[in-house]
Every structure is written in C-alpha cells, then in structure tokens.
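Structural characterization, general
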Amino acid sequence: MAELMRTTLRKAVRSSAWRRTSLWIRGGARGPAAGHEIEGVEVPADVVVYFGDGASKIYQLTQWLPVLEGLHAQHRVLLVFRKLDALRAVRGHTTLPRLFVRRFADLMALYDANEYALGIYVNNGVTNFQSLSHPRMVHVHVNHGESDKISMVSNQAKAYDRVFIAGRAALERHRKALIDFDESKLVEVGRPQLDEVPAPSLPASDLHTVMYAPTWEGENEGNNYTSLDRYGVAVVTELLRRPGTRVVYKPHPRVAESPVPAVAAAHQQIVELLQSDPTHVVSVEGDILAMFARVDALVTDVSSVGLDFLYLHPDRPLVLTDRRSDPEQLAENAPVSRSCAVVDETTLPDLASLLRSAIDEDSHAAERQQMRAFYFGDAAPGSSTARFRAAVAELVGDRRQKLTRHVKHASSMEAADTAEA
C-alpha cells in the first residue's frame, strides 16, 4: 500500500496539471483558471476599491495607490481584483491588502460576509456593474484622471451613488452630456492624486526641456485624440531644431503596443530620432508626474496629461493638439484649448512660429491661470487630499449608521413574521 501511494504521488508530481499548479503557486505568469469559492470569509475593511480589468489597464489604479494608502490609516481599504494578472501587477507597488475574486457569486458572498460601507471605482469597466449590484454599499466613481475626453462622461454615471469630480469644468461636462442626471451626486474633491507627486525622475539639465506626451488612439474613433499619426513626427522634428532644447518623449503606456499602423510607425520614427542623441529622453514606461518638475513646456493631446501639468505648473507653457482641426468644437469640448496654442492642420505649416510664440514668448500665460481655476478651483496642491478624505469619511459614517438601522429593522421584521407564524 505504501509503495502504491509513493508511485501515485510521483506520477502526480510529474503531471502537467501539477506543474501548472505549482508554477501558479510560485507566482509564475501562467497558471490554471481559478475555481475557488468564498463563503463566510471575513476580510475586514471600510472601503473596497474594485478593479475588474486586467493588467493592461492597471495604470488607472496605480495613480490612486498613494492616496488610498493615506486613506487606509483613517478607513481600512481593500483592493478587490477580478483578474489575477492585475493583482500581480501591483505587487511591490502598494502595502494595501489585495484580494482576487473571479466569480460573481463569490464577490457577492465576500460583500455579504463583511458589510463594507463604501466602494470606489477608478474606471468605466463593464464588470463594475457586477459590484454595483450589491445594495448596501455606497458606490462612488472617482475615475482615473481629469480630462476632456468623451469617455470621461457617460450615462453610467447615473448608476453610482456619488461621482467625485475635480471642479467646475467636470460639473459642466456632465451637465452638457447627460439628460435627467441628478447633479447632487457630484462631489468636488479636486485632484488628490496630484498631491502625492513623486521625486523628480528626469535628470537636471541646463537645457530648456520640452516634453511631447501624446495619448493613445482610444477604443473607437470618438475616443481617438492622439496626434501621433498626424503631427507627432513633425512636432518632434521641429523641437529638435530648437537650439538649447532637450526633447522628452513620453507617450501613453498603450502607444508602444498600438495595433494602428500609422500610430506604431510614428512612434518608432520618433524613438529613432531621439535615441540617436543621448541629450534627449525616450520614456515609454515610468510615472509622467515624476517628470513634470523638470519639464519647462509641454506639447500634448486632449487627455489628463495636459490638465495635470496645468494643475501643477500653471506658470509653464502648454501646447495642445487637435487631430480633427475643428477649433470651435475643440473649444466647446476641451475648454483648456482656449488658453493655449493649438497644433492642427491649419497651424502645422507654421509650426516653428507657433512654438516660438507659445513657448518662448509664453503668449497665453494669463489665460492659463484663469483656466486652472475653472478646472480645479483656487485650492493649492495638497488640499485635494483633505477634501477627498472628508468626503469619504462623511459617506462611510452615514452608511454605517444606515446599515445599523437597516439590520435592526430587518431583525424586527423577522421577529414579527416569526410571531405571526
């Protein structure tokens, strides 16, 4: 019998199923599909931060991690993932407790067993609605930035109990886009992510540093704001002609793997142009916020990047692009464009003059200061975190009280039903 057991064990260890399982246990990139079940598990927390997408979109969460770690000291925070690769992608980047829950039934069992007070959502992932189906949490959408992209506002906002926004620009964005939307759901908290700016990652330089930071092509044409395929090479080429200039190329994280041939080709051409001279910098990875401190001027697309730069450095020149070459529509959809020079088909032929006016002469300095107040209010960096924590504390406290009353009411109803029976 003992020999039979040893033989069976040796066969199991040599099996492909066991090799896959052991690799998964050791943290390998591949592993078996998770088929676990959760029932009655206590994972105490006040706030659940739900992330249903995979590792390719983890940047939407990572920019919130310092803010959430600070919140954790006041209200316990739990990160809940639905994709295992996303959980693994934040290893080493946060000390917050993390949990992977594959099945919807297990997610609901986890929520039921722990009575979390508040759920936070950093994107518009489709699986958010599975988490939203839980009736007892306060569900709060915070998004992963502040931008004028059309994806920043959708009818999905109506599903959340609260939507945290940066300021008046976001309020007007919702007002214009949505019909029958309850504006009382909107809570202005500024940009707490920008209160935790990391130490500068760019080396200091005596050269004038200009960054070109294009966004990606989006998931459809309506969400396509990239300038790479239309103006990218021309912008970088012109910046390289400027004497005493260090050019920094920092594209959106998804640009390097773009399936759009024109975008991929422009990206590769720009990389080759800059890598021929060590003076310049190509940074496909890394935190763009850590680079801003040593950037003297920014050329970017409609995205959160330009607005983050405006928030942190309103005194520095900002140049925007418009792939649709429609100034009136751009001014309507992206008000920040009213406070900076714009590269489009009409201005591209005289790009050198545009950059000279915008960067060297800083012809839009006064308008930028006014626009920063429109997007973020007059609060100084550092105050947004306090507003965010206060808003969370109020919602958590209110929901804890209501949960207590709810339990008492349910117990009394059950007792009445039992007595009648």
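Heads up: these notes are all about the structure in this document. Since we're looking at a predicted model, the values are computed, not measured. (Residues numbered from 1 in each chain as written. Predicted model: local features only at pLDDT ≥ 70, side-chain atom pairs only at ≥ 80, totals over all residues. Heavy atoms only, no water.)

Focus on the side chain of threonine 385
What counts is decided by this rule: Numbering of helices and strands runs from the N terminus; a helix is a DSSP stretch of H or I covering at least four residues, while a strand is a stretch of E covering at least two. Residue contacts follow a heavy-atom distance rule, with two residues in contact if any of their heavy atoms lie within 4.5 Å.
Structurally, threonine 385 is set in helix H16 (residues 383–420). Once residues within four sequence positions are removed from consideration, threonine 385 is found in contact with Pro192 and Asp195.

Considering the environment of methionine 291
If you trace the backbone, methionine 291 turns up in helix H11 (residues 289–292). As a C-alpha pair, methionine 291 and alanine 199 span 92 residues in sequence and 8.5 Å in three-dimensional space. Among residues more than four places away in sequence, those in contact with methionine 291 are Ser201, Leu202, Met211, Val248, Lys250 and Ser283.

Regarding the pairing of strand S6 (residues 162–165)
The line we're drawing: At least two DSSP bridges between two strands are required for those strands to pair.
The sheet contact formed by strand S5 (residues 138–141) and S6 spans two bridges and is parallel. Looking across to S6, one finds that valine 140 is bridged to arginine 162. Inspection of the sheet shows S6 paired to strand S7 (residues 186–188) by three bridges, in the parallel sense. Opposite isoleucine 165, over in S7, you have glutamate 188 as the bridge partner.

Topic: the pattern of salt bridges
Heads up, the condition is: A side-chain nitrogen of Lys or Arg and a carboxyl oxygen of Asp or Glu constitute a salt bridge if their distance falls within 4 Å. Here's how the labels work: a residue is buried when its accessible area is under 20% of the maximum for its type, exposed when over 50%, partly exposed in between, all with a 1.4 Å probe on protein chains only.
Within the structure shown, the criterion is met by 19 salt bridges. Residue glutamate 238 is joined to arginine 241 by a salt bridge in which the shortest nitrogen-to-oxygen separation is 2.9 Å. With glutamate 238 and arginine 241 both in helix H9 (residues 228–241) and three residues apart, the pair spans about one turn of that helix. Overall, glutamate 238 belongs to the buried group, its relative accessible area being 15%. Take arginine 241: its relative accessible area is 58%, and that puts it in the exposed class. Close ionic contact of arginine 368 with aspartate 362 constitutes a salt bridge, the shortest N to O distance being 2.8 Å.

Focus on the sheet that holds strand S2 (residues 77–81)
Where we set the bar: Orientation is described by lines fitted to C-alpha atoms, with helices fitted over the stretch in contact, and by angles between N-to-C directions that extend from 0 to 180 degrees.
With respect to topology, seven strands assemble into an open sheet ordered S3-S2-S1-S4-S5-S6-S7, the strand pairing being parallel. Whereas interior strands pair on both sides, the edge strands pair on one side only; in this sheet they are strand S3 (98–100) and S7. Neighbour-to-neighbour, the strand axes of this sheet turn through a mean angle of 25°, independent of strand direction. Where S2 and S3 come together, three bridges link them in parallel fashion. Bridge pairing links phenylalanine 81 to phenylalanine 100 in S3. Running over the sheet, helix H6 (residues 104–114) touches strand S1 (47–51), S2 and S3 and is turned about 170° from S1.

Quick notes on empty space enclosed by the protein
Where we set the bar: Of the grid points, spaced at 1 Å and generated over the protein atoms alone, those admitting a 1.4 Å probe that cannot get out make up cavities, while open sets with protein on both sides within 12 Å along at least five of seven lines make up pockets; any residue with an atom within 4 Å of a point is treated as lining. Grid points are joined across faces, edges and corners, and a volume is the space filled by probe spheres set on the points.
Within this structure, the stated rule accounts for one cavity of 30 Å³ or more. Reported here for the largest cavity is a volume of approximately 230 Å³. Elements supplying a minimum of two residues to the lining of the largest cavity: S6 and helix H8 (168–177).

As for helix H14 (residues 351–360)
What counts, and what does not: Working definition: the arc comes from the directions between the helix axis and the C-beta atoms, pointing outward to the latter.
Those residues of H14 that fall on the buried side of the exposure criterion are Leu351, Leu354, Leu355, Ala358 and Ile359. Along the long axis of H14, the arc covered by the buried residues comes to 100°, so they all point the same way. Elements that come into contact with the buried residues of H14 comprise strand S8 (208–213), H9, strand S11 (297–300), strand S12 (318–321) and strand S13 (341–343). A positive backbone phi angle near 50° is found at aspartate 362, which sits one or two residues after H14.

Regarding the packing of aromatic side chains
For clarity, the threshold we go by: Working definition: rings of Phe, Tyr and Trp (its six-membered ring) pair if their centres are within 6.5 Å, and the pair is stacked with planes under 30 degrees apart, edge-to-face with planes over 60 apart, and tilted otherwise.
Tallied over the entire structure, the rule returns eleven aromatic pairs. Their ring planes at 45° and their centres at 5.8 Å tell us that tyrosine 50 and tyrosine 121 sit as a pair that is tilted. Note that tyrosine 50 is positioned in strand S1 and tyrosine 121 in strand S4 (residues 118–121), a separation of 71 residues in sequence. Like tyrosine 50, the residue tyrosine 121 is buried in the burial classification. Residues tyrosine 311 and phenylalanine 376 carry aromatic rings whose centres are separated by 4.9 Å and whose planes lie at 75° to one another, so their mutual orientation is edge-to-face. On the criterion of sequence distance, the pair formed by tyrosine 311 in helix H12 (residues 304–312) and phenylalanine 376 in helix H15 (residues 365–376) is long-range, its members being 65 residues apart.

Description of the layout of surface pockets
Stated formally: Amino acids are sorted into nonpolar (Ala, Val, Leu, Ile, Met, Phe, Trp, Tyr, Cys and Pro), charged (Asp, Glu, Lys and Arg) and polar (every other residue, Gly among them).
As a volume, the second largest pocket reaches approximately 550 Å³. Considering the residues around the second largest pocket, the lining is formed by 25 residues, among which Asp148, Tyr225, Glu332, Asn333 and Ala334 are closest to the centre. Of all the secondary-structure elements, those providing two or more residues to the lining of the second largest pocket are H8 and helix H13 (327–333). Examining the composition of the lining of the second largest pocket, we find that five residues originate from one element, H8, more than from any other. Split by residue class, the lining of the second largest pocket holds ten nonpolar, four polar and eleven charged.

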